[in-house]
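Tertiary structure, described
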Amino acid sequence: MNTILEYQGILENEIQKISFPKEPANLYDPLTYFLTLGGKRTRPTLAMLGANLFGEPGIKALNAAIAVELFHNFTLIHDDIMDDAPLRRGMQTVHEKWDTNVGILSGDGLFVVAYQYLAKHDVDVLPRLLEIFSKTALEVCEGQQMDMDFETRDDVSIDEYIEMIRLKTSVLLGAALEMGATIAKASKEDAQHIYDFGMNIGLAFQIQDDILDLYADPDKFGKQVGGDVIANKKTYLQLSAYQHANEVTHGTLKSLETETDLVEKVSQVRSIFDEIGVREMAEQKKDEFYQNALTAMEKINVPATNKENLLGLAKMLMSREV
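Numbers given to residues run from 1 along each chain, matching the order in which its sequence is written. At least 70 in pLDDT is required for a residue's local features to be given in this predicted model, at least 80 for side-chain atom pairs to be given and counted, and no such filter applies to totals for whole chains, interfaces and linings, which use all residues. Neither water nor hydrogens contribute to the side-chain values; these are computed over all heavy atoms in the structure.

**Considering helix 14 (residues 262-276)**
Let me state the cut-off plainly: Helix and strand assignments follow DSSP, with helices taken as H or I runs no shorter than four residues and strands as E runs no shorter than two, numbered in order from the N terminus. What a helix is expected to span follows from its residue count: subtract one and scale by 1.5 Å. For the exposure calls, accessible area comes from a 1.4 Å probe over protein chains only, and a residue counts as buried if that area is under 20% of its type's maximum, exposed if over 50%, partly exposed in between. Throughout, the arc means that of the directions going from the helix axis to the C-beta atoms. Contacts are assigned to residue pairs with any non-hydrogen atoms lying within 4.5 Å of each other. Counting of polar contacts relies on pairs of N or O atoms within 3.5 Å, with two restrictions inside protein: one atom must be capable of donating a hydrogen and the other of accepting it, and residues adjacent in sequence are counted only when both atoms are side-chain atoms.
With 15 residues, helix 14 should reach 21 Å at 1.5 Å per residue; the first-to-last C-alpha distance of 21 Å fits that figure. Among the residues making up helix 14, those that are buried are Lys265, Val266, Val269, Ile272 and Phe273. Mapping the buried residues of helix 14 onto a view down its axis gives an arc of 130 degrees, with all of them on the same face. The outward face of helix 14, more than 90 degrees from its buried face, is lined by the exposed residues Val263 and Glu275. In this structure, the buried side of helix 14 is in contact with helix 9 (188-215), helix 11 (227-230), helix 12 (236-244), helix 13 (247-256) and helix 15 (278-298). The backbone nitrogen of Val263 lies 3.3 Å from a side-chain oxygen of the residue at the head of helix 14, namely Asp261.

Right under this line is the structure:
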């Protein structure tokens, strides 16, 4: 059984070997550039681990894994345009290095190439793989639209937020695992269980991300602590604070959204969060999703040793500090 690091290494080598036509250069050069920026390759690794879980070599799911990674990178190129982000992994974003039109079109091209890789799988599993992949791609778009809509709304509920992060982030983790399971000919029930495992891990991961943004050790975090607060971003912490604040505290939080002293803004908001106890609320919700994931894994009918890689990865994601 390959380790997670071995699968990540295999994926990295394969992704770096992807070659695109030379012309038109403004379509294909950005794709070569973006794929060299690296990344953890966690999502595509899940497709290989999903196959491995059900007794097949992870390499059998390699093309599905590459499709997942290419799709993920397509979303990043377009997200950077929507966010007007200048940097991605410390390097210029595609739309900054070229222009917005190039970013849109090259991102679209990468989405098509993702389908080309997926289509390399055997005909007996391909219809289901296409069904999973297409459904997930549309859900990710729905989640992104919800996230953008939230920017201009003051009435976002916690349930709506959970649904947004489920669509924007979590479904791709579940889909990657389910595709691996499909390639390994897992039962319909087990394929659903591994999807549920991935989706719940994704939800727990995103709430952990919300927590770390404000409460991480600055020396380990690698980026500005409190970035979500500075941007008035709707997170599980912020929404919980508004839901549980009394009238006076609610007004204080609202007024802090326009505070120009950013250090003071982060400090005061964190103090209010601490007073309300929203970090504890977020930790509890994160643990709830993590336990849901473990319950789903328990239901899968394979030897316990087959589950070790995925359970180890889940544990690592939940204990991360960056």
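**Notes on the environment of Asp147**
Assignment of secondary structure puts Asp147 in helix 7 (residues 126-150). The sequence separation of Asp147 and Gly107 amounts to 40 residues, and the corresponding C-alpha distance is 20 Å. Apart from residues no more than four positions distant in its own chain, Asp147 is found in contact with Met164 and Lys168.

**What about the nonpolar core?**
Our working rule: Here, nonpolar core refers to any group of buried Ala, Val, Leu, Ile, Met, Phe, Trp, Tyr and Cys residues whose side-chain atoms link them within 4.5 Å.
Grouped together as the largest cluster of nonpolar side chains are 100 residues, with contacts concentrated most on Leu70, Ile162, Ile194, Phe197, Phe273 and Leu310. Among the elements that make up this core, the one with the highest residue count is helix 8 (residues 158-183) (14 residues). Those residues within four positions of Leu70 in sequence are excluded, and the remaining contacts are Ile18, Leu35, Leu110, Val113, Ala114 and Tyr117.

**What about the packing of helix 9 against helix 15?**
Heads up, the rule is: Angles here are taken between N-to-C directions and fall from 0 to 180 degrees, while the axes themselves are lines fitted to C-alpha atoms, restricted in helices to the stretch in contact. The labels follow the angle: roughly parallel below 35 degrees, roughly antiparallel above 145, roughly perpendicular from 65 to 115, and oblique for the rest. The sense of a crossing depends on the near helix, which, turned anticlockwise from the far helix by less than a right angle, makes the crossing left-handed and, turned clockwise, makes it right-handed.
For the pair helix 9 and helix 15, interaxial distance at closest approach is 8 Å and the crossing angle is 160 degrees. One finds that helix 9 runs roughly antiparallel with respect to helix 15. In this structure, helix 9 crosses over helix 15, and the sense of that crossing is left-handed. On helix 15, the residues that touch His193, Ile194, Asp196, Phe197, Asn200, Ile201, Leu203, Ala204, Ile207, Gln208, Ile211 and Tyr215 of helix 9 are Arg279, Ala282, Glu283, Lys285, Lys286, Phe289, Tyr290, Asn292, Ala293, Ala296 and Met297.

**What about the packing of aromatic side chains?**
As a reminder, the rule being used: The criterion for an aromatic pair is that two Phe, Tyr or Trp rings (for Trp, the six-membered ring) have centres within 6.5 Å, with stacked assigned to planes under 30 degrees apart, edge-to-face to planes over 60 apart and tilted to the rest. Only when the NZ of Lys or the CZ of Arg is both within 6 Å of the ring centre and within 35 degrees of the ring normal is a charge said to sit over the ring.
Tallying each qualifying case throughout the model produces eight aromatic pairs. Between Tyr33 and Trp98, the aromatic rings sit 5.5 Å apart at their centres with planes inclined by 70 degrees, giving edge-to-face as the arrangement. Taken together, the residues span a long stretch of sequence, with Tyr33 in helix 2 (residues 25-35) and Trp98 in the loop between helix 5 (94-97) and helix 6 (100-118) at a distance of 65 residues. Among the aromatic residues, those joined into a ring-pair cluster are Phe71, Phe74, Phe111, Tyr115 and Phe133. Looking at Lys97, its charged tip hangs above the ring of Tyr33, at a distance of 5.1 Å from the centre. If you follow Arg320 out to its NZ or CZ, it ends over the ring of Phe205, 3.8 Å from the centre.

**Looking at helix 8**
Heads up, the rule is: Working definition for bend: take the seven residues up to and ending at a residue and the seven starting at it, fit an axis to each, and measure the angle between the axes.
Given a rise of 1.5 Å per residue, 26 residues ought to cover 38 Å, and the 36 Å separating the end C-alpha atoms of helix 8 matches this to within 8%. Taking the largest bend as the criterion, helix 8 deviates by roughly 50 degrees, centred on Ser170. Counting buried positions along helix 8 yields 22 of 26 residues, so the element is predominantly enclosed. A positive backbone phi angle near 65 degrees is found at Lys185, which sits one or two residues after helix 8.

**Observations regarding the packing of helix 8 against helix 9**
Packed helices, taken two at a time, are described by the angle their axes make and the gap between the axes. For clarity, the threshold we go by: Basically, the charged four are Asp, Glu, Lys and Arg, the nonpolar ten are Ala, Val, Leu, Ile, Met, Phe, Trp, Tyr, Cys and Pro, and anything else, Gly included, counts as polar.
At a minimum axis distance of 7 Å, the contact between helix 8 and helix 9 shows a crossing angle of 140 degrees. Accordingly, the angle class assigned to the pair helix 8 and helix 9 is oblique. Read as a crossing pair, helix 8 and helix 9 show a hand that is right-handed. A class-by-class count of the residues in the contact of helix 8 with helix 9 yields 16 nonpolar, six polar and three charged.

**A look at the side chain of Asp210**
Selection rule: Charge counting follows a simple rule: Lys and Arg are positive, Asp and Glu are negative, and His as well as the terminal groups are ignored. Here, a salt bridge means any Lys or Arg side-chain nitrogen found within 4 Å of an Asp or Glu carboxyl oxygen.
Among the secondary structure elements, Asp210 is positioned in helix 9. No salt bridge is formed by the buried Asp210; its nearest oppositely charged neighbour, Lys233, is found at 6.0 Å. In this structure the side chain of Asp210 is engaged in a polar contact, spanning 3.1 Å, whose partner is the backbone nitrogen of Tyr236. Contacts of Asp210, omitting those with residues within four sequence positions, involve Tyr161, Asp228, Thr235, Tyr236 and Leu237.

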